[in-house]
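The residues making up each chain are set out below.
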Amino acid sequence: MPCGLCARIQIKLAGAIVTKVTQTVPMAKSEKPKMKTIAVYSLKGGVGKSTFAVNLAWASATLSARRTLLWDLDPQAAATFLIAPAAKARDAARAVFSRNVDPVELCCPTGIANLDLLAADPSLHGLERLLFELGKKKRLARLLESLEKRYERVILDCPPGLTETAEQVLNAADILVVPVIPSPLARKSLDDLVETLIRRGGKHPPILPVFSMVDRRRKLHAQALETHPDWPHVGYSSLIEQMGTRRLPLGAFGGQSLPAEQFATIWAAIERRIARD
Ligand SMILES: Nc1ncnc2c1ncn2[C@@H]1O[C@H](COP(=O)(O)OP(=O)(O)OP(=O)(O)O)[C@@H](O)[C@H]1O
Ligand SMILES: [Mg+2]
């Protein structure tokens, strides 16, 4: 197939067809696979983004044996808390964006093979203003380019909402994983996101909705799953809650459990989806 041939990919999502035009560039046999960036993102807070980010990063590093970076972009630093008990706040996370610091210098091993962390710290509270003042819509995309030699997969844990940080993520990620808590409003929350992205204009990465904190005993959850049988899901689980006290990804202490299998299934779906681009 010649270089630069255009391919049209249609993503059916929440009733809307999102059409993306991509450049398909065949990879030479000797070429290394390109680094891919997976953002865990939602307009809503508390839906399980950090939980997904940590467990997908673990799956990438451990199940796929890929050199993986978990980049915590949220000043709340939940992903950092969950995976790096020894991390000390260095007030440097924002400096990466103002070009003072090479992101590679801030990437630290986590104790899990193949998995590094670029930790959040309180300096990220000023990130929104900094990004607004810089006015550079692709700052994060440029920073990610500097990580390409080192990592095959970067997982971004994003703060909720359509913030300046989210703008950067939408310009940089290869796929958006969007956790949704099942309810009759689940579809609406996805529709809201698609609406928001359409209103924002420009391109956006493909969206993979995933149900989070599913309790099949609840009628509304069961109905939501029936309505969207193609959305992968992770159940509500006390083992997942234990991540906060153990400060480990689920796979590190409950690898044989059902929710660990569910995260692994979702990771496999993500790998399949990004392999198509
Ligand atoms: N599948 C699950 N089962 C049980 N508890 C869960 C599950 N997923 C997430 N939680 C819990 O729900 C809470 C919120 O999860 P999490 O912090 O991942 O959400 P978030 O979307 O990142 O929140 P924020 O928008 O504040 O960043 C946490 O206490 C987490 O342990
Ligand atoms: Mg979070």
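Keep in mind it's a predicted model, so treat the numbers as computed, not measured.

## So, the site of ligand 1
Around ligand 1 lies a shell of 19 residues, among which Gly-45, Lys-49, Ser-50, Thr-51 and Ile-240 are the nearest. Only helix 1 (49-63), strand 9 (207-214) and helix 9 (238-246) provide two or more residues apiece to the shell around ligand 1. Residue composition of the shell around ligand 1, grouped by class: seven nonpolar, nine polar and three charged.

## A word on the nonpolar core
Among the nonpolar cores identified, the biggest contains 68 residues, and Ala-39, Val-40, Leu-56, Leu-70, Leu-156, Val-169 and Val-177 are the most heavily contacted of them. In terms of residues, this core owes the most to one element, helix 1, which gives eight residues. Discounting residues that sit within four places of it in the chain, Val-169 has contacts with Ala-39, Tyr-41, Leu-140, Leu-156 and Cys-158.

## As for the sheet that holds strand 4 (residues 68-72)
In spatial order, the strands read 5-6-4-7-3-8-9-10; together these eight strands make up an open sheet with mixed pairing. Both outer strands of the open sheet, strand 5 (107-109) and strand 10 (233-235), are each paired with one neighbouring strand and no more. Here the strands of the sheet are splayed against their neighbours by 25 degrees on average, with no regard to which way each runs. As defined by bridge partners, strand 4 adjoins strand 7 (residues 153-157) across five bridges and the pair is classed as parallel. From the neighbouring strand, Asp-72 faces strand 7, where its bridge partner is Asp-157.

Cut-offs and rules
Residues numbered from 1 in each chain as written. Chains lettered and ligands numbered in written order. Predicted model: local features only at pLDDT ≥ 70, side-chain atom pairs only at ≥ 80, totals over all residues. Near = placed C-beta within 6 Å. Helix = DSSP H or I, 4+ residues; strand = E, 2+ residues; numbered from the N terminus. Nonpolar A, V, L, I, M, F, W, Y, C, P; charged D, E, K, R; others polar. Core = buried A, V, L, I, M, F, W, Y, C linked by C-beta atoms within 7 Å. Buried ≥ 20, exposed ≤ 12 C-beta atoms within 10 Å, placed from the backbone. Contact = placed C-beta atoms within 7 Å. Pairing = 2+ DSSP bridges. Axes fitted to C-alpha atoms, helices over the stretch in contact; angles between N-to-C directions.

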